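Secondary and tertiary structure notes
One letter stands for each residue in the lines below.
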There are 2 protein chains.
Amino acid sequence: MEERIQLSVLVDIYGELLTEKQRDIMNLYYNDDLSLAEISELTSTSRQAVHDIIKRCHKLLVQYEEKLHLMETKLKMEKVKNSILNSIDLLNVSDDKSLKILLEMKKYIIDNV
Amino acid sequence: MEERIQLSVLVDIYGELLTEKQRDIMNLYYNDDLSLAEISELTSTSRQAVHDIIKRCHKLLVQYEEKLHLMETKLKMEKVKNSILNSIDLLNVSDDKSLKILLEMKKYIIDNV
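Residues numbered from 1 in each chain as written. Chains lettered and ligands numbered in written order. Predicted model: local features only at pLDDT ≥ 70, side-chain atom pairs only at ≥ 80, totals over all residues. Heavy atoms only, no water.

As annotated in an unreviewed UniProt entry, chain A carries the name UPF0122 protein CLMAG_15120 and is attributed to Clostridium magnum DSM 2767. Its UniProt record, at the heading Function (unreviewed entry), says of chain A: "Might take part in the signal recognition particle (SRP) pathway. This is inferred from the conservation of its genetic proximity to ftsY/ffh. May be a regulatory protein." Taken directly from UniProt, the Sequence similarities (unreviewed entry) text for chain A runs: "Belongs to the UPF0122 family." (UniProt positions renumbered as here; feature names shortened; annotations may be inferred.)

Okay, structure coming up:
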């Protein structure tokens, strides 16, 4: 995964562990793609301070991922979900009751896994 | 869930976010059920310091759960897993190929969800 996209995902996952100001700045930088100058103006924070916050929080988010592996788990669960859905499509059922169960199962898996 | 069990689960989930000493003491208290006096002796830490660490980390772990909801998600996924497995058991398949897929699916779900 490209580093910028990876950081954007990490902000979504671990953003709550940052302070509100840190989270805002990280969101503006990684999710809204604003420049340091734009973020500096928007948040009334010096460009240097914005730069330092992004650098410090980048490191923090990577450390959280190294400890909790939530992004890794999220990616794994996407694969698990697709694998189950693919298996379901390979099943050969003919009675209406089983067909209905399969359809409900697929919807349930898409919504909950 | 009883509070002591809940804390034991939170130590397992968020333990990596504590320092090694904090994690050791929380494990001895919540997972190994040792008394403050026993932990104090084992870790060469005063009884008062052990008490303070447990109190502070208890609060920290609850805050992590309020922010990341990993215990809540884990409990939810257990329900989702059981629900999918139950649905699979309700399916009526007769051909060998589908039966084989169902068996593999169940094993895969048990191992990965």
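Right, let's talk about the overall build of chain A for a bit. Counting its regular elements, chain A contains six helices and zero strands. Compactness check: chain A gives a C-alpha radius of gyration of 21 Å against a globular reference of 13 Å for 113 residues, more than 25% above the reference. Dimensions of chain A, computed from C-alpha atoms along their principal axes, come out at roughly 65 × 25 × 25 Å. Considering chain A as a whole, with its 113 residues, one finds that 42% of them fall into the buried category. Only carbon and sulfur atoms are counted for the fraction: they give 51% of the accessible area of chain A, which is about 6,800 Å². Computed over 16 positive and 20 negative side-chain charges, the inter-centroid distance for chain A is 4 Å. (Helix = DSSP H or I, 4+ residues; strand = E, 2+ residues; numbered from the N terminus. Rg over C-alpha atoms; globule rule 2.2 N^0.38 Å. Buried < 20%, exposed > 50% of the residue type's maximum accessible area, 1.4 Å probe, protein only. Areas by Shrake-Rupley, 256 points an atom, 1.4 Å probe, with all protein chains shown as cover. Lys, Arg positive; Asp, Glu negative; His and termini not counted. Charge placed at Lys NZ, Arg CZ, Asp CG, Glu CD.)

The volume enclosed by the largest pocket comes to roughly 940 Å³. In terms of lining residues, the largest pocket is bounded by 22 residues, among which A:Thr73, A:Met77, B:Leu70, B:Thr73 and B:Met77 are the most central. Counting only elements with at least two residues in the lining of the largest pocket, the list comes to helix H5 (70-90) of chain A together with helix H1 (3-14) and helix H5 (70-90) of chain B. For the lining of the largest pocket, the element with the most residues is H5(B), which contributes seven residues. Looking at the lining of the largest pocket, its residues break down into ten nonpolar, four polar and eight charged. (1 Å grid on protein atoms, 1.4 Å probe; cavity = no way out; pocket = protein on both sides within 12 Å on 5 of 7 lines; lining within 4 Å. Points joined across faces, edges and corners; volume = space filled by probe spheres on them. Nonpolar A, V, L, I, M, F, W, Y, C, P; charged D, E, K, R; others polar.)

Here we come to the nonpolar core. In this structure, A:Tyr14, A:Met26, A:Leu61, B:Tyr14, B:Met26 and B:Leu61 are the most contacted members of the largest nonpolar core, which totals 47 residues. When neighbours within four sequence positions are excluded, B:Met26 is seen to be in contact with B:Leu7, B:Val11, B:Leu18, B:Asn31, B:Ile53, B:Ile54, B:Cys57, B:His58 and B:Leu61. In this structure, A:Val80, A:Leu91, B:Leu85 and B:Val113 belong to the second largest nonpolar core, which totals 24 residues. (Core = buried A, V, L, I, M, F, W, Y, C linked by side-chain atoms within 4.5 Å. Contact = heavy atoms within 4.5 Å.)

Further remarks concern the interface of chain B and chain A. Each partner contributes residues to the interface: chain B has 30 residues there, and chain A has 30 residues. In total, chain B and chain A occlude about 2,500 Å² of area from one another, counting both sides; carbon and sulfur atoms represent 72% of this. Scanning the region where chain B abuts chain A turns up two residue pairs in polar contact (both at pLDDT 80 or more). Contributing elements (two or more residues each) for the side of chain B that touches chain A: H1, helix H4 (47-68), H5 and helix H6 (96-112) of chain B. Per element, the largest residue contribution to the side of chain B that touches chain A is ten residues, and it comes from H5(B). Residues belonging to the side of chain B that touches chain A are distributed by class as follows: 19 nonpolar, five polar and six charged. (Buried area = accessible area lost by both parts, 1.4 Å probe. Polar contact = N/O pair within 3.5 Å; in protein donor to acceptor, adjacent residues only side chain to side chain.)

With that settled, the discussion passes to helix H2 (residues 20-31) of chain B. All names here are of chain B. With twelve residues, H2 should cover 16 Å at 1.5 Å per step; its first-to-last C-alpha distance of 15 Å lies within 8% of that length. Turning to H2, its buried residues number three or more, namely Gln22, Ile25, Met26, Leu28 and Tyr30. Looking at the packing, one finds that the buried side of H2 touches H1, helix H3 (36-43) and H4. One or two positions beyond H2, positive phi appears at Asp33, with a value near 55°. (Expected span 1.5 Å × (residues − 1).)

Moving on: the packing of H5(A) against H6(B). Between H5(A) and H6(B), the least distance of the axes is 10 Å, while the angle of their chain directions is 165°. The angle between H5(A) and H6(B) places the two elements in the roughly antiparallel class. For the pair H5(A) and H6(B), the sense of crossing is left-handed. Touching A:Lys76, A:Met77, A:Lys79, A:Val80, A:Ser83, A:Ile84, A:Ser87, A:Ile88 and A:Leu90 of H5(A) are B:Lys97, B:Ile101, B:Met105, B:Tyr108, B:Ile109 and B:Asn112, all from H6(B). Of the residues assigned to the contact of H5(A) with H6(B), the class counts are nine nonpolar, three polar and three charged. (Axes fitted to C-alpha atoms, helices over the stretch in contact; angles between N-to-C directions. Parallel < 35°, antiparallel > 145°, perpendicular 65-115°, else oblique. Left-handed = near helix turned anticlockwise from the far one by under 90°.)

All names here are of chain A. Applying the stated criterion across every chain yields a total of eight salt bridges over all chains. For Lys106, the salt bridge identified is with Asp89, shortest N-O distance 2.7 Å. With Lys106 in helix H6 (residues 96-112) and Asp89 in helix H5, this residue pair connects regions lying 17 residues apart in the sequence. (Salt bridge = Lys/Arg side-chain N within 4 Å of Asp/Glu carboxyl O.)

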